[in-house]
Amino acid sequence: MNIPLFPEQPEEVSTGAIWLARLALLLSAPLNWLSPRMMEKILSRLVRKYPPATEEEVKVIRDAVCTVSRRCRSQEGCLRRSLAVAVGTWLKRRSVSWCTGYALEPFRAHAWVEVNNNPVGEPEEVRSYSKVISVTNTSENEEKSQGELESNNSKPNELGQEDQPVHIPRASIRQLFALTKGHNLEFSLVLILGILSAALTLLQPNLVADIVEQSNTGFTISSSLVFLILSLTTAMVLTTIQYYMLQKIGEGVVYEARTNLISHLFRLPIFEFDNRSVGDMLSRISGDSSRLRMALIQGTIALTSGSFIVVGAAIGLALKDSFLFLTALATILLSFIGILFMSNIIQKASFRVQKELGKLSELVERDLHAIRTIRSTNATSIEEEKATQQAEHLRKLGIRLAKIQSFMTPISNMSIQICGLIVLGIGGYRVSMGYMTIEDLIAFALLLYIMIGPVGQIFGAFSGIGESLGAFARIRELLDLAIESDYDTNTKVTTISNPSARKGMVVFEKVSFGYKKLEFGADIAQKEAEMILKEVSLSAEYGKRTAIVGPSGAGKSTVLQLIERFYDPDGGYIYVDGKDHRSYSREELRNLITYVEQNAPVLPGTLRDNLLIGNTDVSDQECYDVLKEVNLNYLIERSPDKLDMKIGDSGMTLSGGERQRLALARSLLSNSKIVLLDELTSNLDSLNEVVMKKAVDKLRESKTVIVVAHRLSTIVDSDIIYVLEHGRIVGSGNHNELLDKVPLYRELAKEQFLDKVI
Ligand SMILES: Nc1ncnc2c1ncn2[C@@H]1O[C@H](COP(=O)(O)OP(=O)(O)OP(=O)(O)O)[C@@H](O)[C@H]1O
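All values derive from a computational prediction rather than experimental measurement. (Residues numbered from 1 in each chain as written. Predicted model: local features only at pLDDT ≥ 70, side-chain atom pairs only at ≥ 80, totals over all residues. Heavy atoms only, no water.)

K.L.:
Please explain the packing of aromatic side chains as it appears in this structure.
P.N.:
In this description, a pair of aromatic rings is defined by centroid distance and the angle of the planes. Using the criterion set out here, one finds five aromatic pairs in the structure. When the ring of Phe513 is compared with that of Tyr567, the centres are 5.5 Å apart and the planes differ by 50°; the resulting orientation is tilted. A residue pair is termed long-range when its members are at least 10 positions apart, and Phe513 in strand S6 (residues 506-513) and Tyr567 in the loop between helix H14 (556-563) and strand S9 (571-576) qualify at 54 residues. Cluster of aromatic residues (ring-pair linked, three or more members): Phe513, Tyr515 and Tyr567. (Phe/Tyr/Trp six-rings, centres within 6.5 Å; stacked < 30°, edge-to-face > 60°. Helix = DSSP H or I, 4+ residues; strand = E, 2+ residues; numbered from the N terminus.)

Okay, structure coming up:
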């Protein structure tokens, strides 16, 4: 859902208002970078003196701002527009209130303008925003502040249809260099060093000219010679320091990009992982992040010392002969346009290389995970062939990129040579016509020579920046995805309460869900074929064991994933511990629940690490006790490292059954009220199955336990069993009741020789 924060088709306004809006947008632009509290301070200072605007006046400015600024479907957009309206009214010596707030869904934050506490022309929905900041137009005392915008000014995440990822995402140089924000001091130092070394370099031709002039009278150690040596060595030292500092900044930027990406990936909604490959994500963290360094170093050198030398030499050239200078400039500009065009192609080619590299990582990573299956099925050569083909494809793309890049150097060299030839040709002509002296032409050529290196540097930087922008675009593609909490709601969302959903219970009320996201406003009834769960109603009580059984693919694990809020239902309600489960923050909700996944994955690390995931407040003795309870005590007995014994990557050194028992041990240690166990006994022998049943029974005493199982022997004595078929509940009751009235259950029981009443 997109709330029209401001009208997308504003009313027509006068040209004067449009210009006022442009000015207001320009003046308010720097405010966009400030924290909401700072904005609040500045705006309240601005508006304090002036009388309040009328709603009509504000609407005119608002429509003008909406006409000038194109879109407003994000936090950033509404901030920009509402600030501009506030500044626009101030320019007209009027004032308004400026507010920001939280929306329940789908936006995290919103900003708007109020007159006499009424949002101007906003739809009803805005009233459901919980206000965070309000700057009033009457007195400072009335300024309200209810806390700061949470999660700082992180980039907006839009949820509209328009935001489908484009095929090749683009990133701008500004966005790339914004990564250096935390290194302003170092950057200023690099800039100063750049200016100093450029100044020293520009001095050198004059010093050489002096030395040549003085050498007419024989060689002497003149002050010019001393200065020349000094300027050469000082410039070298300054450049070394400059390079070192840039490398340092580069490392900082790579670190920043990497950590931002990692932290963002950890917070993406689960559905984002359904169609993305882990290998590709990893290559963005490792390869793409490293590529940012190159652009920053090359670009900054070119833009600091390089551009100063170019500007300084250009001024010198223009002073010597402006006509000749303009001719040289025209040739350089022409090749510059060509290079710019090629840099664009490099960016796209580099993006493709990175993307294919991601695919190769994905392929190898997947194979390495399934290495046992690959070996046992003799599929090594086939998989190797696939990886080789992908590497070959990558090689071809790399060569294509190299071809484009290698054009850059000859083009820049050729343009420089052409420039030199033109200067000499036209210069010679001008000397012969008496427009300039031969000494001036020599000096001109010398200055041009000094300029050549930095011009080449600048051209080269475009190639490097193009490549880094390709990599940065891939990083941004992930960073621009909304994180899980963006879809969060707050306590005010509590909608309908269900009297039967009491404390400690998990209740499903007509829950429908499909993995394929429905368009906004789509009728669920008409999309039944796409639904994995269809109007599922069930309830799991505290102190009882609730089982869900059914054929493979019926939707059993999906039920558990909805309770965890990995996905949100398309219809119906879920109540957890007496409340609509959307009324909790995800963190609160997950604190209430322990979830043991189907394959009981184990994190790489020690036995202790795995027992204490999410719950560090556990003593060693408790760990030993719980391991004994699940019959895993032999693990610590056979290893001298005890709880610190290492478990291989993904628990490879444990058997499937041991992993399941370890997962159960973890849930026995947790303090959560609700335990969800998905196929916990699939890998167990009958002895260990009995041990597990006992442990689950112990859990049931103080928790709500929901068990998903194929093997009916593990759940026949559950308090209530739900039978799920094709996403629908086809029966519920205890084992005996189900045998009697649900044919599917009877069939399942018969297959497992459990069709006897117990
Ligand atoms: N992330 C996903 N994206 C799309 N479809 C999915 C996803 N996860 C599961 N499905 C589909 O949803 C259906 C129900 O899956 P679910 O894992 O809930 O079944 P299940 O009853 O637990 O099966 P099993 O007993 O084999 O584990 C299946 O058809 C499955 O293919």
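K.L.:
Which parts of the structure should I look at to understand the packing of helix H17 (residues 620-629) against helix H19 (residues 656-669)?
P.N.:
The relative placement of two packed helices is expressed as an angle between their axes plus a distance between the axes. Remark: H17 packs on H19, axes separated minimally by 9 Å, with the N-to-C direction vectors making an angle of 130°. Relative to H19, the element H17 is oriented oblique. Crossing angle aside, the handedness with which H17 passes H19 is right-handed. In this structure, H17 uses Glu622, Cys623, Val626, Leu627 and Glu629 to contact H19, whose residues at the interface are Leu662, Ala665, Leu668 and Leu669. Broken down by class, the residue content of the contact of H17 with H19 amounts to seven nonpolar, no polar and two charged. (Axes fitted to C-alpha atoms, helices over the stretch in contact; angles between N-to-C directions. Parallel < 35°, antiparallel > 145°, perpendicular 65-115°, else oblique. Left-handed = near helix turned anticlockwise from the far one by under 90°. Contact = heavy atoms within 4.5 Å. Nonpolar A, V, L, I, M, F, W, Y, C, P; charged D, E, K, R; others polar.)

K.L.:
Teacher, can you tell me more about the site of the ligand here?
P.N.:
Surveying the vicinity of the ligand reveals 14 residues, the closest of which are Ser552, Lys556, Ser557, Thr558 and Gln598. Between the ligand and Gly555 there is a distance of 2.9 Å, counted from an oxygen atom to a backbone nitrogen or oxygen. Contact distances for the ligand include 2.7 Å between an oxygen atom and a side-chain N or O atom of Gln598. When the free accessible area of the ligand is taken as 630 Å², the share hidden by the protein chains comes to 64%. (Near = heavy atom within 4 Å. Polar contact = N/O pair within 3.5 Å; in protein donor to acceptor, adjacent residues only side chain to side chain. Areas by Shrake-Rupley, 256 points an atom, 1.4 Å probe, with all protein chains shown as cover.)

K.L.:
So what exactly am I meant to see when it comes to the environment of Arg711 here?
P.N.:
The topology assignment puts Arg711 in the loop between strand S15 (704-708) and strand S16 (720-725). Of the residues examined, Arg711 reaches a relative accessible area of 27% and is grouped as partly exposed. A sequence separation of 41 residues divides Arg711 from Gln752, and the C-alpha atoms of the two residues are 7.8 Å apart. (Buried < 20%, exposed > 50% of the residue type's maximum accessible area, 1.4 Å probe, protein only.)

K.L.:
Any chance you could explain H14 here in plain terms?
P.N.:
In an α-helix there are 3.6 residues to a turn, and that puts residues three or four apart on one side. Within H14, seven of the eight residues are buried, leaving the element largely enclosed by the surrounding structure. Along H14, the residues that are buried comprise Lys556, Thr558, Val559, Leu560, Gln561, Leu562 and Ile563. Just beyond H14, the residue with positive phi is Arg565, at close to 60°.

K.L.:
Hey, could you run me through the pattern of salt bridges in this one?
P.N.:
For side chains bearing opposite charge, pairing can occur when the charged atoms are close. All chains considered together, the criterion is met by 21 salt bridges. Between Lys248 and Glu186 there is a salt bridge, with the nearest N and O atoms lying 3.4 Å from each other. One end of the pair, Lys248, is in helix H7 (residues 223-267); the other, Glu186, is in helix H6 (residues 184-214), and 62 residues separate them in sequence. The salt bridge involving Glu383 is made with Lys386; its shortest N-O contact spans 3.0 Å. Of this pair, Glu383 and Lys386 both sit in helix H12 (residues 380-432), three residues apart, which is roughly one turn of that helix. For Glu383, a relative accessible area of 12% translates into the label buried. By relative accessible area, Lys386 is classed as partly exposed at 36%. Salt bridges sharing partners connect three or more residues here, namely Glu392, Arg395 and Lys396. (Salt bridge = Lys/Arg side-chain N within 4 Å of Asp/Glu carboxyl O.)

K.L.:
Sorry, what's going on with the UniProt feature "transmembrane region" (unreviewed entry) in the protein chain here?
P.N.:
UniProt feature "transmembrane region" (unreviewed entry): in the numbering of this structure it lies at residues 16-35, 184-204, 224-246, 294-317, 323-346 and 441-466. With 100% helix and 0% strand, residues 184-204 has end C-alpha atoms that lie 31 Å from one another. (UniProt positions renumbered as here; feature names shortened; annotations may be inferred.)

K.L.:
What should I look at first to understand the sheet that holds strand S17 (residues 728-733) in this one?
P.N.:
What links the strands of a sheet is backbone hydrogen bonding, and the strands pair in either a parallel or an antiparallel sense. With mixed pairing, six strands are arranged side by side in an open sheet as S11-S14-S15-S8-S16-S17. Lying at the two open borders of the sheet, with one neighbouring strand each, are strand S11 (593-596) and S17. Strand-to-strand twist across the sheet, computed as the mean angle between neighbouring axes with direction ignored, equals 15°. Relative to S17, S16 is paired through five bridges, and the arrangement is antiparallel. Within S17, the position partnered with Leu724 by the bridge is Ile729. Set on the sheet, H14 makes contact with strand S8 (545-549), S11, strand S14 (674-678), S15 and S16; between it and S14 the angle comes to about 150°. Of the strands in this sheet, S8, S16 and S17 touch helix H22 (residues 743-751), which is tilted by about 100° from S16. (Pairing = 2+ DSSP bridges.)

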